[in-house]
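Secondary and tertiary structure notes
Here are the chains, one letter per residue:
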Amino acid sequence: MKLPIVAYGDPVLKKKAVDITADYPELNKLIGDMFETMYNASGVGLAAPQIGLSIRLFVIDITDKEEPGLEDFKKVFINAQILDEQGSLWDFNEGCLSIPDVREDIKRLDTIRISYYDENWQHHEETYTGLPARVIQHEYDHIEGKLFTDKLSPLRRAMIKSRLDAISRGAIKVAYKMKFPAASKKR
């Protein structure tokens, strides 16, 4: 089932998410719905807060048949904790399904070590570099209550404020189902 994606301005996006247990209600269905929602919106990652659930769960799929190491890179991260970030800072133009039509160059370290459970409740501690690290960091920020726009300079945030306000009001056109915080307050 395609779920509505929560838009910029909703308080759930700024709240630190909580751990879940293996008996979380209908977890497998939720994971499937998250992948379906992400694919429908042409995304490569989706975190539970983006569908209104303040839980530590995110999914990514950066599968690229042409890229070595990414031939089948579809993963579920439950109760993730980034243990270490290191390497070189690199700029990458990021966007977010909760902030449609806004893209900005964001600096992040290129290597992470992360601990998490997969959809079968198998524990993993792994190191990622490059694009996988970047996508994981972006989605991880969501479960920490952070958005990529938080990493912008105050001047740059001020320059895009009217666009962010328009998103919050629902005064934008998107090709996928969204839930707008300012629009729902009027009802």
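Just so you know, these numbers come straight off a predicted model, no measurement behind them.

Thresholds, definitions, all that
Position numbers for residues start from 1 in each chain and track the written sequence from start to end. Reporting in this predicted model follows two pLDDT cut-offs: at least 70 for local features of residues, and 80 or more for side-chain atom pairs to be given and counted; totals over whole chains, interfaces and linings ignore these cut-offs and use all residues. Side-chain calculation: all heavy atoms of the structure are included, whereas hydrogens and water are not. UniProt positions are given in the numbering used here, feature names are shortened, and annotations may be inferred rather than shown by experiment. Numbered from the N terminus, helices here are DSSP runs of H or I no shorter than four residues, and strands are runs of E no shorter than two. Contacts: residue pairs with any heavy atoms within 4.5 Å of one another. By the criterion applied in these results, polar contacts are pairs of N or O atoms within 3.5 Å in which, for protein atoms, one can donate a hydrogen and the other can accept it, and in which residues neighboring in sequence qualify only through two side-chain atoms. Within this analysis, patches are made of residues with over 30% relative accessible area and no salt bridge. Like charges are joined at 9 Å or less; nonpolar side chains (Val, Leu, Ile, Met, Phe, Trp, Tyr) at 5 Å or less. In short, Shrake-Rupley with a 1.4 Å probe defines the accessible areas, and a residue's cover is counted only from the protein chains shown. A pair is scored as a salt bridge if a Lys or Arg side-chain nitrogen falls within 4 Å of a carboxyl oxygen belonging to Asp or Glu. All tallies of charge rest on Lys and Arg as positive and Asp and Glu as negative; His and the ends of each chain are not included. Taken as the charge centre is NZ of Lys, CZ of Arg, CG of Asp or CD of Glu, depending on the residue.

So, about the UniProt feature "binding site: Fe cation" (unreviewed entry) in the chain. As annotated by UniProt and renumbered to match this structure, "binding site: Fe cation" (unreviewed entry) occupies Cys 96, His 138 and His 142. Despite a sequence span of 47 residues, these residues sit close together in the fold, their greatest C-alpha distance being 10.2 Å. Inspection of the secondary structure assignment puts Cys 96 in strand 4 (residues 74-96). Leave out the neighbours within four places in its chain, and Cys 96 touches Gln 50, Val 102, His 138, His 142 and Phe 148. Here His 138 shows up in helix 2 (residues 130-143). Contacts of His 138, omitting those with residues within four sequence positions, involve Glu 94, Gly 95, Cys 96, Arg 108 and Phe 148.

Attention shifts here to the UniProt feature "active site" (unreviewed entry) in the chain. According to UniProt, the positions carrying the feature "active site" (unreviewed entry) are Glu 139. Tracing the backbone shows Glu 139 in helix 2. The residues contacting Glu 139, other than those within four sequence positions of it, are Gly 45, Leu 46, Ala 47, Gln 50, Phe 58, Val 59 and Ile 60. A polar side-chain atom of Glu 139 sits 3.2 Å from the main-chain amide nitrogen of Ala 47.

Moving on: a negative patch on the surface. A cluster of acidic residues, Asp 64, Glu 66, Glu 67, Glu 71 and Asp 72, forms a negative patch at the surface. Along the polypeptide, Asp 64 turns up in the loop between strand 3 (57-61) and strand 4.

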